[in-house]
Amino acid sequence: ESDLPELGRRRYAPGLAADGRSGQPVHRDYATLTLNVALSDAEDFEGGGTRFEGREGVVTPARAGACVAHAGRTRHAGAATTSGTRYVLVCFLLDVEADASRLVPRRPA
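Residues numbered from 1 in each chain as written. Predicted model: local features only at pLDDT ≥ 70, side-chain atom pairs only at ≥ 80, totals over all residues. Heavy atoms only, no water.

1. A word on the overall build of the protein
Right, on to step 1. Of regular secondary structure, the protein possesses zero helices and nine strands.
Right, on to step 2. In the protein, buried positions account for 30% of the 109 residues.
Right, on to step 3. Sequence separation of at least 24 residues holds for 80% of the intrachain contacts in the protein that already meet a minimum separation of 6.
Right, on to step 4. On the protein, roughly 7,100 Å² of surface is accessible, and the fraction owed to carbon and sulfur atoms is 52%. (Helix = DSSP H or I, 4+ residues; strand = E, 2+ residues; numbered from the N terminus. Buried < 20%, exposed > 50% of the residue type's maximum accessible area, 1.4 Å probe, protein only. Contact = heavy atoms within 4.5 Å. Areas by Shrake-Rupley, 256 points an atom, 1.4 Å probe, with all protein chains shown as cover.)

2. Topic: the state of the cysteines
Right, on to step 1. Throughout the structure, instances matching the rule amount to zero disulfides.
Right, on to step 2. Free cysteine Cys67: the closest other cysteine sulfur is in Cys91, separated by 8.5 Å.
Right, on to step 3. Looking at Cys67, the relative accessible area reads 43%, which means it is partly exposed.
Right, on to step 4. A relative accessible area of 9% means that Cys91 is categorised as buried. (Disulfide = S-S within 2.5 Å.)

3. Regarding the packing of aromatic side chains
Right, on to step 1. A full pass over the atoms with the stated rule returns one aromatic pair.
Right, on to step 2. An angle of 35 degrees between the planes, with centres 5.2 Å apart, marks the rings of Tyr30 and Phe92 as tilted. With Tyr30 in the loop between β2 (24-27) and β3 (33-38) and Phe92 in strand β9 (residues 86-93), this pair connects stretches of sequence that are 62 residues apart. (Phe/Tyr/Trp six-rings, centres within 6.5 Å; stacked < 30°, edge-to-face > 60°.)

4. Quick look at the sheet that holds strand β7 (residues 76-78)
Pairing between the strands of a sheet is mediated by backbone hydrogen bonds and can be parallel or antiparallel.
Right, on to step 1. One open sheet accounts for three strands, arranged β2-β7-β5; its pairing is antiparallel. Strands with a single pairing partner mark the edges of an open sheet, and in this sheet they are β2 and β5 (50-52). Along the sheet, successive strands turn relative to each other by an average axial angle of 15 degrees, direction set aside.
Right, on to step 2. Taken together, the three bridges between β5 and β7 define a ladder with antiparallel strand orientation. Looking at the pairing, Thr50 lines up with Gly78 of β7. (Pairing = 2+ DSSP bridges. Axes fitted to C-alpha atoms, helices over the stretch in contact; angles between N-to-C directions.)

5. With respect to the nonpolar core
Right, on to step 1. Counting six residues, the largest nonpolar core consists of Tyr12, Ala31, Val88, Val90, Phe92 and Leu94.
Right, on to step 2. If one sorts the elements of this core by residue count, β9 sits on top with three residues. (Core = buried A, V, L, I, M, F, W, Y, C linked by side-chain atoms within 4.5 Å.)

6. With respect to the pattern of salt bridges
When their charged atoms lie close together, side chains carrying opposite charge are able to pair.
Right, on to step 1. Overall, the coordinates contain one salt bridge when judged by the stated rule.
Right, on to step 2. Residue Arg75 is joined to Glu53 by a salt bridge in which the shortest nitrogen-to-oxygen separation is 2.7 Å. Of this pair, Arg75 sits in the loop between β6 (67-71) and β7 while Glu53 sits in the loop between β5 and β6, and the two are 22 residues apart along the sequence.
Right, on to step 3. Look at Arg75 and you get partly exposed, because its relative accessible area is 32%.
Right, on to step 4. A residue is classified by how much of its surface remains accessible, and Glu53, at 47% relative accessible area, is partly exposed. (Salt bridge = Lys/Arg side-chain N within 4 Å of Asp/Glu carboxyl O.)

Structure (structure tokens):
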């Protein structure tokens, strides 16, 4: 059984963040499964993509609509977008059975 997914649109472009970064540091998601759906075609930006710890290279979908899926607990980072603007729809899928600690305890009926 899964909760409804949490969705979020992310925008990556040079200089967007207060510290000048346009990517994300290495992290883990709280989700069981994370889906990154490209909303931009690869020719709309340079750089960007997802880098997985322990693997060479960066995964960057070539066209809008393509998806990168990974276990949420996999350590990964967002590579910096060096020019243009990259949009991604991020969907976090939560498995209620896999991590009951996220649930609020129910009171007996």
